[in-house]
Amino acid sequence: MRTPKPLPLTKLYKACRVRDFSFEDTRHISPLDTFIGQQRAEEALQFATAVNRKGYNIFAVGHAGLGKRTMLRRFLEQRATEMDAPSDWLYLHDFANPRKPWAVRLPGGMGTGFKENMQELILDMKQAIPAAFDNEGFFERAERIKDDFSERQSSALKALAAEAEPLKLKLILQTPGGYAFVPADEEDQPMDADVFAGLDDELRRDFREKIEGMEKKLRLVLRELAQLEKQSRLEQQALNEEVTNDALEEGLQVLKEKYLDYPRIQQYLDALHQDLLDNVAIFLNTDDEDEDAVTSVSPDKRIPTRYQVNLLVSHADRLHAPVIEESLPTHNNIVGHVENVTYQGTVATDFSLIRPGALHRANGGFLLLDAERLLSQPYAWEGLKLALRTGSLRIDTLERQLSVSGSVSLEPEPIPLNCTVALMGDDELLHALQEQDPEFVELFKVVAEFETEMPRNLQSQKLYTRLIASMVAREGMLPVAKDGVMRVIEEAARMAEHQGKLSLNAADLNHLLREADYLATRELSPAITADHVRAALAARRRRAGRYPDHVLESIKEDFIMISTSGTKVGQVNGLTVVGSHDFLHGQPSRITARVHYGNGEVLDIERSVHLGGSMHSKGVMILTGYLCGLFGAEDSLPLDASIVFEQSYGGVDGDSASLGELICLLSAMAEVPVAQNLAVTGSINQLGEVQPIGGVNEKIEGFFEVCRARGLTGEQGAIIPHQNVAQLMLREEVLEAIGEGQFHIWAVSQVEEAIQLMLNLPAGQLTSTGKWPKNTIYGKIADRLDRLRDKDGDEQDAKDGKDKDTREKESKDTNPRKN
């Protein structure tokens with residue numbers, strides 16, 4: 001197998017071609033007005049918003065920073081312009097059952113007009129009704145009713161008194177007991193009790209019999225008077241209603257005619273008419289002390305709350321369907337709630353204290369919610385699912401639902417729900433909901449997946465240029481010059497970790513443009529150039545470089561031991577990546593291996609001390625399987641090995657070091673030194689094929705910085721999987737050193753290629769006789785294993801009493817490959 005050659009510069013960085021960009025700066029580029037690289041998500045959104053069916057809500061999934069909220073909102077707002085503005089919703093008092101307010105729908109914008117009309121009507125009534133009762137005509141008629149009753153009452157009582165007069169009885173009015181008859185004295189005055197007691201028994205008995213007879217007649221008269229009083233009250237009530245009707249009729253009739261096409265409003269106005277007649281005293285009593293608790297805190301105290309209109313949702317200023325985003329999705333903020341007021345120690349509520357939720361405001365349109373925030377709020381997710389499942393909005397207090405409070409509350413009529421809800425989250429949250437909540441799949445049937453990258457070609461670069469132009473125009477930044485756009489696109493390819501792709505992370509792109517704009521503005525530059533972009537990237541690395549600089553200093557001072565020259569048996573420079581999601585840096589790590597007599601086991605020290613992750617342990621097991629397949633297919637391996645990442649105290653995971661670990665083991669088994677001027681990364685499978693890894697640019701650059709700090713010799717470099725060549729977008733200083741022949745990159749596809757580079761010997765291939773060539777790595781390992789097997793066999797023969805010839809004959813019979 002031939003030794004791989006270093007990669008040429010053209011493979012290490014894909015630069016933009018100047019001829020593909022024919023503009024001076026982004027001022028000459030039309031801003032982007034559509035999605036970029038999100039055709040799959042756009043198709044899902046078009047389907048979800050076009051299918052007006054229950055359960056076709058949206059879950060927009062994608063990594064943070066992709067701008068999915070912006071894109072989703074922009075799409076929904078565009079779709080909303082094609083839809084009519086929804087209806088207004090209001091709650092009205094139910095005079096027959098105050099606990100169950102009416103939910104009334106009116107065309108968009110008409111709710112405000114109805115509320116204003118009702119306010120005008122009630123305020124007019126507050127003037128007209130008292131005025132109607134405060135005039136001579138009413139007083140005369142009321143006085144006539146009163147006088148008529150008084151006259152008839154007086155006549156009846158006088159007739160009864162006259163009838164009692166010949167019987168020497170007097171009709172008197174007793175304060176506690178009403179009317180009564182008593183004996184009269186000689187002067188025709190009521191007889192004193194003492195005088196009556198002094199009469200003889202027969203006379204007293206005669207008076208009692210007369211009084212008893214007259215009181216029977218009195219009771220009959222009093223019953224007649226009670227009927228007359230009732231009739232008088234009815235006449236007064238009829239008069240009051242007549243006067244009230246005269247005051248109400250014109251205003252109510254105007255409203256009825258105006259809302260003739262709305263039966264529920266007609267029904268309400270009829271009920272209102274009757275309630276006004278029954279409760280006209282409300283308008284005649286001007287004492288504020290008689291206010292109820294809710295009216296006392298009402299914004300408009302001029303109108304009794306029973307006659308107010310609770311305009312829950314109004315779309316008076318809206319020309320199309322709403323797009324609502326709720327940033328704090330609590331239960332109350334989503335489905336609405338009923339407020340309470342406390343007044344003079346009394347807790348009260350009524351329909352005017354019903355408050356809408358985001359679903360009410362978005363009804364007839366679209367509602368955007370952050371899924372993680374929604375799920376973090378108690379009962380908010382359950383409230384949303386209930387509304388979507390039932391297709392209606394039921395406003396209720398959370399305390400009542402949980403049976404925490406026994407107080408009387410309202411039961412407002414539910415409002416039909418016709419709203420498409422769009423949740424935003426990541427893959428992990430989506431899978432958790434799909435697995436743990438069966439209702440989720442039924443309620444959110446459409447998943448819109450947002451891509452993290454898009455192919456890099458001439459057309460996509462033009463779209464990306466328009467995206468850059470949109471960002472700088474929207475935020476008022478300086479225009480980006482042509483070379484600046486080219487450098488940003490190249491950086492987008494690095495962010496995507498592929499020469500043929502562009503990152504769609506709008507947040508990172510915006511951050512880079514803002515920082516470059518700051519530097520350009522500080523220099524009074526008319527535009528953002530490539531130098532400003534480079535300076536912004538360098539400043540970002542510098543700000544996040546405290547830890548990498550500390551590690552590099554430790555390596556230079558040999559506190560962290562990394563060799564970049566010479567050779568060493570059982571020691572390899574592996575490449576790792578450390579850092580957070582927004583900044584990664586590469587760091588070389590020394591891998592060492594020791595072998596000793598044993599039975600073919602490989603000890604992963606990281607795993608044994610619980611510092612190795614499951615993926616790293618899997619990689620060690622795979623390389624163990626590869627070794628056993630090479631050297632232990634027909635016989636046991638009389639070697640054990642241990643392998644470790646030296647000076648690693650924070651844990652290791654991933655299988656990207658398995659190629660380096662294998663080289664390290666092979667070096668220790670063959671007793672052949674490893675070139676320390678090289679570093680290696682890559683995973684392997686059990687067939688010896690090298691597999692791709694992540695963070696290839698950062699890993700190479702991390703080893704390059706160590707070599708540069710120690711002094712570049714022209715022999716140093718890094719070995720990577722051949723699949724990762726397409727991901728190379730190295731920094732300019734690395735490319736410069738490679739161009740000068742001071743640093744090199746090799747790409748390998750098989751383990752044997754890495755062996756040739758790092759051990760300076762071919763790996764070896766089995767001959768036709770089934771043996772490994774002598775001057776190869778595998779040959780040296782096979783010879784060592786055979787010596788150990790022979791030693792093991794001699795010791796066993798000594799125990800069994802066999803001579804060497806007998807053992808060799810048995811070996812030829814059982815292992816023909818050795819012949």
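Report follows, based on the coordinates. (Residues numbered from 1 in each chain as written. Predicted model: local features only at pLDDT ≥ 70, side-chain atom pairs only at ≥ 80, totals over all residues. Heavy atoms only, no water.)

## What to know about the overall build of the protein
At step 1: Check the secondary structure of the protein and you find 29 helices and 29 strands.
At step 2: Its C-alpha atoms give the protein a radius of gyration of 48 Å, more than 25% over the compact-globule value 28 Å for 819 residues.
At step 3: Based on the C-alpha atoms only, the size of the protein along its principal axes is roughly 165 × 80 × 50 Å.
At step 4: In the protein, which comprises 819 residues, the share counted as buried stands at 47%.
At step 5: By element, 48% of the accessible surface of the protein is carried by carbon and sulfur atoms, the whole surface being about 41700 Å².
At step 6: In the protein, 93 side chains carry a positive charge and 128 a negative one; their mean positions are 9 Å apart. (Helix = DSSP H or I, 4+ residues; strand = E, 2+ residues; numbered from the N terminus. Rg over C-alpha atoms; globule rule 2.2 N^0.38 Å. Buried < 20%, exposed > 50% of the residue type's maximum accessible area, 1.4 Å probe, protein only. Areas by Shrake-Rupley, 256 points an atom, 1.4 Å probe, with all protein chains shown as cover. Lys, Arg positive; Asp, Glu negative; His and termini not counted. Charge placed at Lys NZ, Arg CZ, Asp CG, Glu CD.)

## Focus on the packing of helix α18 (residues 482-495) against helix α20 (residues 530-543)
At step 1: One way to put it is that α18 packs onto α20 with a least axis distance of 7 Å and a crossing angle of 35°. Across the interface between the two elements, Asp483, Gly484, Arg487, Val488 and Glu491 from α18 touch Ala530, Val533, Arg534 and Leu537 from α20.
At step 2: A per-class count over the contact of α18 with α20 returns four nonpolar, one polar and four charged. (Axes fitted to C-alpha atoms, helices over the stretch in contact; angles between N-to-C directions. Contact = heavy atoms within 4.5 Å. Nonpolar A, V, L, I, M, F, W, Y, C, P; charged D, E, K, R; others polar.)

## Things to note about the packing of aromatic side chains
At step 1: Counting across every chain of the model gives 16 aromatic pairs.
At step 2: Aromatic side chains Phe631 and Tyr778 sit 5.6 Å apart centroid to centroid with 75° between the ring planes, which places their arrangement in the edge-to-face category. Of the two residues, Phe631 sits in helix α23 (residues 614-631) while Tyr778 sits in helix α28 (residues 777-800), which places them 147 residues apart along the sequence. Each member of the pair, Phe631 as well as Tyr778, is classed as buried. (Phe/Tyr/Trp six-rings, centres within 6.5 Å; stacked < 30°, edge-to-face > 60°.)

## Comments concerning the sheet that holds strand β7 (residues 323-326)
At step 1: Taken together, five strands build an open sheet; the order of strands is β7-β12-β15-β1-β16 and the sheet is parallel. Pairing within the sheet leaves two strands with one partner each, and these edge strands are β7 and β16 (446-449). Recorded for the sheet is a direction-independent mean angle of 20° between the axes of neighbouring strands.
At step 2: Here strand β1 (residues 58-61) runs beside strand β15 (residues 420-425); their pairing, made up of four bridges, is parallel. (Pairing = 2+ DSSP bridges.)

## What about the pattern of salt bridges?
At step 1: By the definition in use, this model includes 38 salt bridges.
At step 2: The closest approach of N and O atoms between Asp270 and Lys256, which form a salt bridge, is 2.6 Å. Note that Asp270 is positioned in helix α7 (residues 263-278) and Lys256 in helix α6 (residues 201-258), a separation of 14 residues in sequence.
At step 3: Residue Asp270 is classed as partly exposed on the basis of its relative accessible area, which comes to 42%.
At step 4: Assessed through its relative accessible area of 18%, Lys256 is described here as buried.
At step 5: For Glu701, the salt bridge identified is with Arg731, shortest N-O distance 3.1 Å. In this pair, Glu701 is assigned in helix α25 (residues 696-710) and Arg731 in the loop between β28 (717-721) and α26 (732-739), connecting sequence segments 30 residues apart. Each member of the pair, Glu701 as well as Arg731, carries the same accessibility label: buried.
At step 6: One network of salt bridges, with partners in common, ties together Arg494, Glu698, Glu701, Glu705, Arg731 and Glu733. (Salt bridge = Lys/Arg side-chain N within 4 Å of Asp/Glu carboxyl O.)

## Re the environment of Leu7
At step 1: Topologically, Leu7 is positioned in the segment before α1 (39-50).
At step 2: In the structure, Leu7 is positioned 310 residues away from Asp317 in sequence and 64 Å away in space, judged by C-alpha atoms.
At step 3: What Leu7 contacts, discounting residues up to four positions off in sequence, is Leu12, Val725, Leu728, Ile745 and Ala747.

## Some words on helix α2 (residues 68-80)
At step 1: Under the 1.5 Å per step criterion, the end-to-end length of α2 is 18 Å for 13 residues, consistent within 8% with the ideal 18 Å.
At step 2: Within the sequence span of α2, burial applies to Lys68, Met71, Leu72, Phe75, Leu76 and Ala80. Along α2, the residues classed as buried sweep out an arc of 170° about the axis, all on the same side.
At step 3: Against the buried residues of α2 lie α1, β1, β7, β12 (366-370) and β15. (Expected span 1.5 Å × (residues − 1). Arc of directions from axis to C-beta.)

## Some words on the side chain of Ser460
At step 1: Within the element layout of this structure, Ser460 appears in helix α17 (residues 458-474).
At step 2: When its relative accessible area of 6% is taken as the criterion, Ser460 is described as buried.
At step 3: Here Pro455 takes part through its backbone oxygen, which lies 2.8 Å from a polar atom of the side chain of Ser460. (Polar contact = N/O pair within 3.5 Å; in protein donor to acceptor, adjacent residues only side chain to side chain.)

## Focus: the sheet that holds strand β3 (residues 102-106)
At step 1: The strand order β3-β2-β6 describes an open sheet built from three strands, whose pairing is antiparallel. Looking at strand neighbours, the two that pair on one side only are β3 and β6 (310-313), the edges of this open sheet. The sheet shows a mean angle of 30° between the axes of neighbouring strands, taken without regard to direction.
At step 2: The pairing of strand β2 (residues 88-92) with β3 spans five bridges and is antiparallel. Its bridge partner being in β3, Leu90 is matched across the sheet by Val104.
At step 3: Against the sheet, α7 contacts β2 and β3, and its axis sits at roughly 135° relative to β3.

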